[in-house]
Amino acid sequence: MTPIAVFASGFGSNLQAILDAAAQGRLQAKIELVVSDRAKAYALVRAKEASIPAFVFNPRDYASKADYETMLAARLGELGVEYLVLAGYMRLIGPTLLERYPNRIINIHPSLLPLFPGKDGIGQALAAGVTETGVTVHYVDEGMDTGPIIAQKRVPVLPGEERSSLERRIHGVEHRLYPRVLQQIFSQEGTKC
Ligand code: GRF
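Thresholds applied
Residues numbered from 1 in each chain as written. Predicted model: local features only at pLDDT ≥ 70, side-chain atom pairs only at ≥ 80, totals over all residues. Heavy atoms only, no water. Helix = DSSP H or I, 4+ residues; strand = E, 2+ residues; numbered from the N terminus. Rg over C-alpha atoms; globule rule 2.2 N^0.38 Å. Buried < 20%, exposed > 50% of the residue type's maximum accessible area, 1.4 Å probe, protein only. Lys, Arg positive; Asp, Glu negative; His and termini not counted. Charge placed at Lys NZ, Arg CZ, Asp CG, Glu CD. Arc of directions from axis to C-beta. Contact = heavy atoms within 4.5 Å. Pairing = 2+ DSSP bridges. Phe/Tyr/Trp six-rings, centres within 6.5 Å; stacked < 30°, edge-to-face > 60°. Lys NZ or Arg CZ within 6 Å of the ring centre and 35° of its normal. Near = heavy atom within 4 Å. Polar contact = N/O pair within 3.5 Å; in protein donor to acceptor, adjacent residues only side chain to side chain. Areas by Shrake-Rupley, 256 points an atom, 1.4 Å probe, with all protein chains shown as cover. Nonpolar A, V, L, I, M, F, W, Y, C, P; charged D, E, K, R; others polar. Core = buried A, V, L, I, M, F, W, Y, C linked by side-chain atoms within 4.5 Å.

Trainee: Provide a residue-level description of the overall build of the protein chain, including the pertinent values.
Mentor: Scanning the protein chain for helices and strands turns up six helices and seven strands. Rg of the C-alpha trace for the protein chain: 16 Å, near the compact-globule value of 16 Å for 193 residues, within the 12% margin. Summarising its shape, the C-alpha atoms of the protein chain cover approximately 50 × 40 × 35 Å along the three principal directions. Buried positions account for 50% of the 193 residues belonging to the protein chain. When the 21 positive and 20 negative side-chain charges of the protein chain are each reduced to one mean point, those points stand 4 Å apart.

Trainee: Tell me about helix 2 (residues 42–49), and please be specific about residues and values.
Mentor: Every buried residue of helix 2 is listed here: Ala-43, Leu-44, Arg-46 and Ala-47. With its buried residues spanning 155° around the axis, helix 2 presents them on a single face. In helix 2, the exposed positions that point more than 90 degrees away from the buried face belong to Lys-48 and Glu-49. The elements touched by buried residues of helix 2 are helix 1 (13–23), strand 2 (29–36) and strand 3 (54–56).

Trainee: Mind laying out the pairing of strand 6 (residues 132–139), listing which residues take part and the relevant values?
Mentor: Where a strand is regular, its side chains alternate between the two sheet faces. Across the eight residues of strand 6, six count as buried, placing the element largely inside the fold. When strand 5 (residues 105–109) meets strand 6, the two strands line up antiparallel, connected through four bridges. Bridging from a neighbouring strand, Ile-108 pairs with Val-137 of strand 6. Two elements, strand 6 and strand 7 (residues 149–156), share seven bridges in a ladder whose sense is antiparallel. When the bridges of strand 7 are listed, Val-135 appears paired with Lys-153.

Trainee: Run through the packing of aromatic side chains, naming residues and quoting values.
Mentor: The description of two aromatic rings rests on the distance between their centres and on the angle between their planes. This structure, assessed with the given rule, holds five aromatic pairs. On the basis of an interplanar angle of 90° and a centroid distance of 5.1 Å, the ring pair of Phe-7 and Tyr-89 is categorised as edge-to-face. Of this pair, Phe-7 sits in strand 1 (residues 2–7) while Tyr-89 sits in the loop between strand 4 (83–86) and helix 4 (95–100); the two residues are 82 residues apart in sequence, bridging distant segments of the chain. Ring centres of Phe-11 and Tyr-42 lie 5.6 Å apart, and the angle between their planes is 20°; this geometry places the pair in the stacked category. Of this pair, Phe-11 sits in the loop between strand 1 and helix 1 while Tyr-42 sits in helix 2; the two residues are 31 residues apart in sequence, bridging distant segments of the chain. Exposure remark for Phe-11: the relative accessible area of 56% places this residue in the exposed category. Taken together, the aromatic side chains of Phe-57, Tyr-62 and Tyr-68 make up a single cluster linked through ring pairs. The ring of Tyr-83 carries the charged tip of Arg-104 above its face, separated from the ring centre by 4.9 Å.

Trainee: Which residues make up the site of the ligand, and what values go with them?
Mentor: All residues in the neighbourhood of the ligand are listed as Phe-11, Gly-12, Ser-13, Asn-14, Gly-88, Ile-108, His-109, Pro-110, His-171 and Glu-174. At 2.8 Å from an oxygen atom of the ligand is found a main-chain nitrogen or oxygen belonging to Gly-12. Out of a free accessible area of 360 Å², the ligand has 85% covered by protein chains. Those elements giving two or more residues to the shell around the ligand turn out to be helix 1, strand 5 and helix 6 (163–191). Residue composition of the shell around the ligand, grouped by class: three nonpolar, six polar and one charged.

Trainee: Which residues make up helix 1, and what values do they have?
Mentor: In terms of residue burial, helix 1 counts as a mostly covered element, since eight of its 11 residues are buried. Those residues of helix 1 lying buried are Ser-13, Asn-14, Leu-15, Ala-17, Ile-18, Leu-19, Ala-21 and Ala-22. Looking one or two residues beyond helix 1, the residue adopting positive phi is Gly-25, at roughly 80°.

Trainee: Any chance you could break down the nonpolar core for me, citing the residues and the numbers?
Mentor: Ile-4, Val-6, Ile-18, Ile-31, Tyr-178, Leu-182 and Phe-186 are the most contacted members of the largest nonpolar core, which totals 37 residues. Broken down by element, this core gets its largest block of residues, nine residues, from helix 6. Contact partners of Ile-31, with chain neighbours within four places excluded, come to Ile-4, Val-6, Ile-18, Leu-19, Ala-22 and Ile-52. With 20 residues, the next largest nonpolar core counts Ile-93, Leu-97, Leu-98 and Val-140 among its residues.

This is the structure in structure tokens:
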């Protein structure tokens, strides 16, 4: 079992997909901690329902990103967390955590990166009028959705499609793809000497 922490700022449907996959044995990971920068995130309700400890912090209580990331790194270290899994975490990861977890921070983004990085990848794709978008799982670096790509899945945009429909289909793809890709990464880790 790979010990992981899931970072989520919002609704947490990807967190739920990870929790479900772990509970069903499709993902050999132990979710040690859910980290959130928003006390009202619904992801925290999901963590509570799954009896996973949560760590909530308000960045405004800290003088700098380095300060709160140092505090987070200490907590993650105590728990022996090996990978940080971002699932709708709305902050850039800074050098403190990047240095502590080299190639061990993973993110999911709702577009075919490098297209439409940053906020609202789905809205950006619709505004651009593309006929195809998708989902990307990638390693996190210091940029905004710029790290090395691990996996992508294409999603066609249907003619005249409403945002709610495209969103639903993209989220469905995310929920299947993310646990599967995480499992691939963790199982390769297990076979290294
Ligand atoms: C997902 O679309 C994910 O790709 C992006 O943020 C959204 C989070 O959704 N990074 P949820 O909170 O997991 O429902």
